[in-house]
Amino acid sequence: MKRSHATGLLAVLLIGLVIGFLLEIAFAASGAPIVVPPVTLPLTLILLGAVVVSLAWQVRQGSHRKALRRIDPFWAMRVAVLSKATSLSSSLLLGAALGIVLYILTRSVVPAVTSLWLAIGTAIGAALMLTAGLVAEHFCTLPPDNDRNGDTDESGGTRA
């Protein structure tokens, strides 16, 4: 598994931004209320990011030191895939939240100020979750071996 690159994350972010903005336009045009993220969403995103980093930290501790117990490679791979999924999904959520913010700011009649702050809070929570996912991906990279057999990536770690 390769670590996430900025181009893929930016592409997913732009897709989320377009979807979020167009959904708001579609709801407003049909007379339905616009999408306003709940208060608990930013807190949940931050909590999920913390959980992913703590799981990845356990993998890092077991693979970077002479650990007392051996780490299950299947569990470590699951954590690595979870960290990649976290960074991709939080990039999509960040784009959608920024699309909602963009919609609210481009209206001549601004909806309630609380909806703007909730959308900004969701964007901040998604950005923190994206950061946590990228840090967790870094934690799941194996340290370089002493023998150089061409199985290393550009950062010097062994590919999983």
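The rules behind each value
Residues numbered from 1 in each chain as written. Predicted model: local features only at pLDDT ≥ 70, side-chain atom pairs only at ≥ 80, totals over all residues. Heavy atoms only, no water. Helix = DSSP H or I, 4+ residues; strand = E, 2+ residues; numbered from the N terminus. Buried < 20%, exposed > 50% of the residue type's maximum accessible area, 1.4 Å probe, protein only. Contact = heavy atoms within 4.5 Å. Areas by Shrake-Rupley, 256 points an atom, 1.4 Å probe, with all protein chains shown as cover. Core = buried A, V, L, I, M, F, W, Y, C linked by side-chain atoms within 4.5 Å. Patch = residues over 30% accessible without salt bridge, like charges linked within 9 Å, V, L, I, M, F, W, Y side chains within 5 Å. Salt bridge = Lys/Arg side-chain N within 4 Å of Asp/Glu carboxyl O. Polar contact = N/O pair within 3.5 Å; in protein donor to acceptor, adjacent residues only side chain to side chain. Axes fitted to C-alpha atoms, helices over the stretch in contact; angles between N-to-C directions. Parallel < 35°, antiparallel > 145°, perpendicular 65-115°, else oblique. Left-handed = near helix turned anticlockwise from the far one by under 90°. Phe/Tyr/Trp six-rings, centres within 6.5 Å; stacked < 30°, edge-to-face > 60°.

Topic: the overall build of the protein chain
So, point 1. In terms of helices and strands, the protein chain carries four helices and zero strands.
So, point 2. Mapped in sequence order, the helices and strands of the protein chain form the string α-α-α-α.
So, point 3. Of all 160 residues assigned to the protein chain, the portion counted as buried reaches 31%.
So, point 4. Counted over contacts in the protein chain with a minimum sequence separation of 6, partners at least 24 positions apart contribute 75%.
So, point 5. Put simply, the protein chain shows about 9,600 Å² of open surface, and 71% of that area lies on carbon and sulfur atoms.

So, the nonpolar core
So, point 1. Within the largest apolar cluster, ten residues are counted, these being Val52, Ala56, Val59, Ile71, Ala76, Val79, Ala80, Ala136, Phe139 and Cys140.
So, point 2. If you list the elements that add at least two residues to this core, you get α2 (40–64), α3 (73–105) and α4 (113–139).
So, point 3. Counting residues in each nonpolar core, the second largest holds nine residues, with Leu94, Ala97, Ala123 and Met129 among its members.

Let's talk about a nonpolar patch on the surface
So, point 1. The grouping of Ile15, Ile19, Leu23, Phe27, Val35 and Leu92 at the surface amounts to a nonpolar patch, some 480 Å² of accessible area in total.
So, point 2. A per-element tally of the nonpolar patch places helix α1 (residues 6–30) first, with four residues.
So, point 3. A relative accessible area of 39% means that Leu92 is categorised as partly exposed.

Regarding the environment of Arg107
So, point 1. Assignment of secondary structure puts Arg107 in the loop between α3 and α4.
So, point 2. In terms of polar contacts, Arg107 uses its side chain to reach the backbone carbonyl oxygen of Tyr103, at 3.3 Å.
So, point 3. Here Thr106 takes part through its side chain, which lies 3.2 Å from a polar atom of the side chain of Arg107.

Here's the deal with the packing of α3 against α4
In a pair of packed helices, the angle between the axes and the distance between the axes together describe the arrangement.
So, point 1. Look at α3 against α4: their axes get within 8 Å of each other, and the N-to-C directions meet at 160 degrees. Judged by the inter-axis angle, α3 sits roughly antiparallel to α4. Both α3 and α4 take part in a crossing whose hand is left-handed.

Some details on the side chain of Thr122
So, point 1. Checked against the element boundaries, Thr122 lands in helix α4.
So, point 2. In terms of polar contacts, Thr122 uses its side chain to reach the backbone carbonyl oxygen of Leu118, at 2.9 Å.
So, point 3. Discounting residues that sit within four places of it in the chain, Thr122 has contacts with Pro37, Leu41, Pro42, Leu45 and Ala97.

With respect to the packing of aromatic side chains
So, point 1. On inspection of all chains with the given rule, the structure shows two aromatic pairs.
So, point 2. A centroid spacing of 6.1 Å and a plane angle of 70 degrees characterise the contact between Phe21 and Tyr103, whose relative ring orientation is edge-to-face. Highlighted residues: Phe21 in helix α1 and Tyr103 in helix α3, separated in sequence by 82 residues.

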